[in-house]
Amino acid sequence: MTTAEAEAEVYTFLEEDIQRARDIVGIYHAVTQREQFSRITPDVVRNFARSYGDDNPLFVDEDYGRDTRWGGQIAPPMFNIAVRQELKADRMPREHRRPPFRGIHVFVSGSSTDWYRPVYDGDTIYSFHGFEKVELKESEFAGRSLLVTRVHVQFNQRAEVVQAQRVLTIHTERHESKKRKKYDAIEPASYTPEEIAAVDEIYAGEKPRGAEPRYWDDVQVGDSLDRMAKGPLTATDMMVFHSGGYGFAPYTPSASRLTYKNRQRIAPFYIPNEQGVPDVAQRIHWDSEYARSIGLPAAYDYGMMRDCWLTHVLTDWMGDGGWIETMSSQIRKFNYLGDTHVFTGEVVGKRVEGDRHLIDIELRGTSQRGEVTCPATATISLPSRELDLAMLPAAPAEWERIAAQMLKRHGELRAQARSAQQA
């Protein structure tokens with residue numbers, strides 16, 4: 001197929017896909033695809049943290065964590081996008097399968113994550129997921145859109161739920177976004193040496209709080225978090241983010257023969273480039289020419305990258321002894337190649353729930369255009385002077401029951417496979 005023929009092919013929503021999405025709300029299934037990494041190791045933890053610019057020794061130094069309350073190196077908050085082992089499970093009924101949404105473009109609009117336990121060297125991470133909410137609406141950018149909230153629950157080899165994330169995705173028809181020309185007036189960013197020096201000045205002042213405790217008692221409503229810079233965003237940043245762990249399963253971009261096999265599996269994911277070569281639609285995150293072909297001024301980042309940045313602001317501020325309980329973010333604007341973000345935040349509340357001393361925070365990333373592209377709220381558990389420990393929340397018992405059932409079935413199917421091989 002030539003590039004012109006590819007451009008002439010128009011994909012629209014199928015009514016059966018929309019109905020299928022609605023029908024499977026509330027049904028959980030084991031995730032049977034592995035991510036880029038399947039088990040936590042010191043190298044995996046270090047490289048993932050570094051992939052979004054985090055040099056906190058709690059994450060990147062194998063020995064440092066032994067002297068903290070955690071007793072060892074722990075994974076950064078957003079590790080779930082990089083680490084997952086596949087679960088063996090019974091064949092999914094056809095009526096429970098996710099609709100294909102052939103040729104439909106998907107944007108991450110926001111997410112909400114709850115954290116329950118730290119993840120350590122040697123832990124294997126599994127997951128189950130499902131649709132939680134499906135809503136059809138009209139979008140200013142892309143016309144008819146489908147908003148899908150998916151919940152992803154991660155648990156370890158002991159069936160202990162370590163975190164859960166709800167992700168809001170917007171499914172749009174590609175040809176509609178191209179026609180509307182909403183972003184034609186946006187010019188790519190450029191910088192003078194003086195402007196780069198101003199960004200560097202923020203970087204020079206950044207550091208994690210580290211071993212110095214931040215006690216709940218000492219925090220006041222109205223306190224400001226330290227500024228943090230991210231950018232100017234480059235295609236190199238996107239490549240480093242991928243190489244650090246963001247594998248993007250189940251699409252799993254690959255090379256050479258593996259790309260050929262992937263094209264046989266998910267052909268609509270491969271869109272011919274200007275040379276007529278089938279390439280991943282995901283290249284919209286580093287290929288500005290392709291981004292312009294669907295109505296955007298340049299390639300842009302992942303919403304999950306900005307979630308990593310937001311958690312980086314929080315972990316630097318709270319110190320080794322703090323714990324992020326929950327964070328909810330919105331991805332309101334694109335973050336294009338060349339854009340720079342400065343992150344700021346402030347304390348908006350403090351409270352005690354049981355033995356947990358909690359701080360509520362509002363934070364945001366603001367681009368060089370003065371646009372807040374990723375506002376967020378978070379709740380952090382801090383040590384108090386009385387307890388000297390940040391207490392952690394309990395995971396929902398129902399989720400841990402589901403995790404235990406899935407892990408049990410995983411083991412049974414593994415045993416059956418071994419028996420069949422020995423027969």
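Relevant structure appears above.
A few points on the structure. (Residues numbered from 1 in each chain as written. Predicted model: local features only at pLDDT ≥ 70, side-chain atom pairs only at ≥ 80, totals over all residues. Heavy atoms only, no water.)

### Observations concerning helix H10 (residues 303–318)
One turn of an α-helix holds 3.6 residues; hence residues three or four places apart share an orientation.
Then comes step 1: In this model, H10 (16 residues) spans 23 Å end to end at C-alpha, consistent with the 22 Å of a helix rising 1.5 Å per residue.
Then comes step 2: Among the 16 residues in H10, 16 count as buried, and that is most of the element.
Then comes step 3: The first or second residue beyond H10 is Gly-319, which carries a positive phi of 85°. (Helix = DSSP H or I, 4+ residues; strand = E, 2+ residues; numbered from the N terminus. Expected span 1.5 Å × (residues − 1). Buried < 20%, exposed > 50% of the residue type's maximum accessible area, 1.4 Å probe, protein only.)

### Quick notes on the nonpolar core
Then comes step 1: Membership of the largest hydrophobic core comes to 74 residues, with the highest contact counts inside it found for Leu-296, Leu-314, Trp-317 and Ile-361.
Then comes step 2: No other element matches the nine residues that H10 contributes to this core.
Then comes step 3: Sequence-distant contacts of Ile-361, that is, excluding residues within four places in its chain, are made with Leu-225, Leu-314, Trp-317, Glu-346, Val-347, Val-348, Ala-376, Thr-377, Ala-378 and Ile-380.
Then comes step 4: Counting 17 residues, the second-largest nonpolar core is a separate cluster that includes Val-151, Val-153, Ala-164 and Ala-395. (Core = buried A, V, L, I, M, F, W, Y, C linked by side-chain atoms within 4.5 Å. Contact = heavy atoms within 4.5 Å.)

### Some words on the environment of Tyr-290
Then comes step 1: Checked against the element boundaries, Tyr-290 lands in helix H9 (residues 288–293).
Then comes step 2: For the pair formed by Tyr-290 and Leu-168, sequence separation is 122 residues and the distance between their alpha carbons is 24 Å.

### Description of unusual backbone geometry
Then comes step 1: In this structure, the amide linkage connecting Gly-231 to the following residue, Pro-232, adopts the cis form with an omega of -5°.
Then comes step 2: Structurally, the position occupied by Pro-232 is in the loop between strand S6 (228–230) and helix H7 (235–243).
Then comes step 3: If you check the backbone angles, Ala-159 has positive phi at about 65° while not being a glycine.
Then comes step 4: With respect to the helices and strands, the residue Ala-159 is situated in the loop between strand S4 (143–155) and strand S5 (161–173).
Then comes step 5: Exposure remark for Ala-159: the relative accessible area of 12% places this residue in the buried category.
Then comes step 6: Positive phi, normally seen in glycine, also occurs at Asp-388, with a value near 60°.
Then comes step 7: As for its position among the elements, Asp-388 is in the loop between strand S12 (376–381) and helix H11 (397–422).

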